[in-house]
Amino acid sequence: MKQDFVKKAIATTFVGLSLAACGNTSATDSSSSNDSDQKADSVEILTSVTGGKDEAGMEAFEKKLSELAGYTVHMEKPASDYNQVLLQKLKAGGEGLDLIYFDQAMLQDLVAQGALLDITDNIKNSSVLGDTSVIPESEWNSIAIDNKLYASFNKKEIQRVVNINEALLKEYNLELPEETLAGYKKLFEELKEKNDSQGFYPLNTVVSTLFDFQPWFASKGLKGGIVVDKSGNQTVPWSSDEAVEVWEWLHELYAEGLIDPNALTDTTKELRQKFQSEQTAVVVDWAAWTGLYNANVADQYPNEFKAVAHGGTKTPDGTYMLTRGGASLWGIPASSDNVEGAMKVLETFATQEGGDLLSVGVEGYDYNIEDGKLVQTEAGKVANNDHGAPFPISEKYVSPTDYNPGVSEAMKLLQYASIESYGPDTAAYTEIVSKEAIKIIKGDISAKEGVKEMRDNLVKAKVIDK
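As the structure is a prediction and not an experimental result, all values here were calculated from the model.

Participant: Even after reading the chapter, I still don't get the overall build of the protein chain, so can you show me in this structure?
Facilitator: When helices and strands are counted, the protein chain shows 19 helices and 15 strands. For the protein chain, whose C-alpha radius of gyration is 24 Å, the value lies close to the compact-globule estimate of 23 Å for 466 residues. Structurally, the protein chain occupies a C-alpha span of about 75 × 60 × 35 Å along its principal axes. Taking all contacts inside the protein chain whose residues are at least 6 apart in sequence as the whole, residues at least 24 apart take part in 76%. Treating the 43 positive side-chain charges of the protein chain as one cloud and the 72 negative ones as another, the clouds have centres 5 Å apart.

Structural data, given as structure tokens:
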């Protein structure tokens, strides 16, 4: 599992590396230790997804970012094995890096190893990052560790929604009767009755990752992942007795041929292919994919194919409960020679101009403005409005171009989404719950028995306390 790899890799690569001297260093402390009469003239960045799509694109991106930040920016984007390259460079003392990209799954271990600077005060004192109308306090709270901040954001993380091909519903004169488990099952039954072609299943999902289940467990108000209760105990709501009804519903769909049986083994790639080719009518996927599905069918949209985002089942409180992606982050290594420049880059990413760069790219390279409208170049079409942040982090950001069809509507559901926990126990949680989920859905074990086994195994693995 990815989480295990990350944790073990960090533990291994940091053996013998003494970071004790900088483990509790703040960015302010680090800045003051530099020669106050000298300003480092470059910011060295190790990046994964952010930047140009090829060498020429990266050169254009670096030049524009340098202009916006006021520092010469150098970006290195490894061709493969990014996490391994990152860890090797940190083991070698940071190799002069001032900013490093990583996902939220790595944050806790990097902080524990003393690899990142505490930039809490720098963020609070920043006129850009410290402005809660730009980045809400709730965003910072989602990545804080012991009330301290060790990173800033690469982009706004979006949510997974229920995508329904409503062109099929229109063709069959159907509609979702109500946003409940029973309502969705009725829709699936009607779809199956109308479309009895071989290989068609109303619902498809990917069981192994568990990402697709939150809209259904919302019906019982149960959040995915590991949840710390009011007493401070780690719990897994999907392993509770309250979750049995939802697991039973999923088994019924499987037993009645309403869910693709290959959902037990299919990957996301296969799920998307089936939805796009109308082998299934309903999937759970990222909000951005609502638009990509529609864009991919070109002139078949909206009459022959039309993906529309829905919130899934309503919670007992009458709202929605969706999963939001874990944060993609930028941190300043404890060994950075240019904290001031690194902070300036982080601030730039949260501005309108920085958001334009991270999304639509560089004017004159990725796009041109013709008659007041943004027109993509061939390079821009390849990048598809994504140079690391298709949705920039700033709440004030205004996109200079329209999103793909259906995305704006899908993004209205973001207010109902939250990030699941990310920590050392995440891999064990996923492995145990998905294993029991497959058994329950297939009917190898009853939902009641499966939930008990799930809970017992989670306790045994010390994922939950009881």
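Participant: Would you take a moment to explain the packing of aromatic side chains for this structure?
Facilitator: Note on aromatic pairs: each is described by the distance of the centres and the angle between the planes. A complete count under the given rule lists 18 aromatic pairs for this structure. Judged by centre distance (6.2 Å) and plane angle (75°), the ring pair of Y82 and Y101 falls under edge-to-face. A residue pair is termed long-range when its members are at least 10 positions apart, and Y82 in helix α4 (residues 82-91) and Y101 in strand β3 (residues 99-103) qualify at 19 residues. Residues Y82 and Y101 agree in their burial class; the two are buried. Aromatic pair Y101 and W330: ring centres 5.4 Å apart, planes at 75°, arrangement edge-to-face. With Y101 in strand β3 and W330 in strand β12 (residues 328-331), the pair connects residues that are 229 residues apart, well separated along the chain. With respect to burial, Y101 and W330 carry one shared label: buried. Taken together, Y82, Y101, W330 and F349 form an aromatic cluster joined through their ring pairs. Taking the ring centre of W286 as reference, the NZ or CZ of R160 above it sits at 4.8 Å. Just above the ring of Y201 sits the side chain of K192; from NZ or CZ to the centre is 4.4 Å.

Participant: What is the right way to look at the environment of N163 in this model?
Facilitator: Here N163 is to be found in strand β5 (residues 160-165). Classification of N163 by relative accessible area gives buried; the value is 0%. For the pair formed by N163 and K306, sequence separation is 143 residues and the distance between their alpha carbons is 9.4 Å. With near-sequence residues (within four places) excluded, N163 lies in contact with F275, A281, V282, V283, D285, W286, T290, Y293, A307, V308 and A309. There is a polar contact of 2.6 Å between the side chain of N163 and the side chain of T290.

Participant: Can you help me understand the pattern of salt bridges in this one?
Facilitator: Side chains bearing opposite charge may pair, as long as their charged atoms lie close to each other. Scanning the entire structure with this criterion turns up 22 salt bridges. For K64, the salt bridge is made with E67, and the minimal N-O distance between the two is 3.1 Å. Within this pair, K64 and its partner E67 are both found in helix α3 (residues 55-69), separated by three residues, close to a single helical turn. Note that D241 and R455 form a salt bridge whose closest N and O atoms lie 3.4 Å from each other. Here the residue D241 occupies a position in the loop between β8 (234-235) and α11 (244-255), and R455 occupies one in helix α19 (residues 447-460), the gap between them amounting to 214 residues. We classify D241 as exposed; its relative accessible area is 55%. On the basis of relative accessible area, R455 is assigned to the partly exposed category, the value being 24%.

Participant: Any chance you could explain the packing of α3 against helix α15 (residues 352-359) here in plain terms?
Facilitator: Packed helices, taken two at a time, are described by their axes: the angle between them and the distance between them. For the pair α3 and α15, the least separation of the axes is 11 Å and the interaxial angle reads 170°. In this view, α3 runs roughly antiparallel relative to α15, as classed from their interaxial angle. From α3, F61, K64, L65 and L68 reach across to α15, where they touch E353, G354, L357 and L358. Residue classes in the contact of α3 with α15 are distributed as five nonpolar, one polar and two charged.

Participant: I would appreciate a short explanation of the environment of S394 in the present structure.
Facilitator: Here S394 lies in the loop between α16 (378-383) and α17 (407-411). As for S394 and A255, which are separated by 139 residues in sequence, their C-alpha atoms are 46 Å apart. With residues near it in sequence (within four places) discarded, S394 still touches V134, K156 and A350. Only 3.0 Å separates the side chain of S394 from the backbone nitrogen of K396, close enough to count as a polar contact.

Participant: Even after reading the chapter, I still don't get the confidence of the model for the protein chain, so can you show me in this structure?
Facilitator: Close inspection of predicted coordinates is inappropriate for parts of the model with low pLDDT. Confidence in the prediction of the protein chain, expressed as mean pLDDT, is 91, and 91% of residues score 70 or more. Per-residue pLDDT stays below 50 along residues 1-24; that stretch engages in 37 contacts with residues further than four places along the chain or on separate chains. Low pLDDT, under 50, characterises residues 30-38; the stretch is placed with seven contacts to residues that sit more than four places away or in other chains.

Participant: What should I look at first to understand the sheet that holds strand β2 (residues 72-76) in this one?
Facilitator: Paired through backbone hydrogen bonds, the strands of a sheet run either parallel or antiparallel to each other. Here five strands make up an open sheet; going across it, the order is β2-β1-β3-β12-β4 and the pairing mixed. With partners counted over all chains shown, the strands left at the sheet margins are β2 and β4 (152-153), one partner each. Here five bridges tie strand β1 (residues 42-46) to β2, and the two strands are oriented parallel to one another. In the sheet register, E44 faces β2, and the bridge partner there is H74. Against the sheet, α3 contacts β1 and β2, and its axis sits at roughly 145° relative to β2.

So, how was this worked out
- Residues numbered from 1 in each chain as written.
- Predicted model: local features only at pLDDT ≥ 70, side-chain atom pairs only at ≥ 80, totals over all residues.
- Heavy atoms only, no water.
- Helix = DSSP H or I, 4+ residues; strand = E, 2+ residues; numbered from the N terminus.
- Rg over C-alpha atoms; globule rule 2.2 N^0.38 Å.
- Contact = heavy atoms within 4.5 Å.
- Lys, Arg positive; Asp, Glu negative; His and termini not counted.
- Charge placed at Lys NZ, Arg CZ, Asp CG, Glu CD.
- Phe/Tyr/Trp six-rings, centres within 6.5 Å; stacked < 30°, edge-to-face > 60°.
- Buried < 20%, exposed > 50% of the residue type's maximum accessible area, 1.4 Å probe, protein only.
- Lys NZ or Arg CZ within 6 Å of the ring centre and 35° of its normal.
- Polar contact = N/O pair within 3.5 Å; in protein donor to acceptor, adjacent residues only side chain to side chain.
- Salt bridge = Lys/Arg side-chain N within 4 Å of Asp/Glu carboxyl O.
- Axes fitted to C-alpha atoms, helices over the stretch in contact; angles between N-to-C directions.
- Parallel < 35°, antiparallel > 145°, perpendicular 65-115°, else oblique.
- Nonpolar A, V, L, I, M, F, W, Y, C, P; charged D, E, K, R; others polar.
- pLDDT = per-residue confidence, 0-100.
- Pairing = 2+ DSSP bridges.

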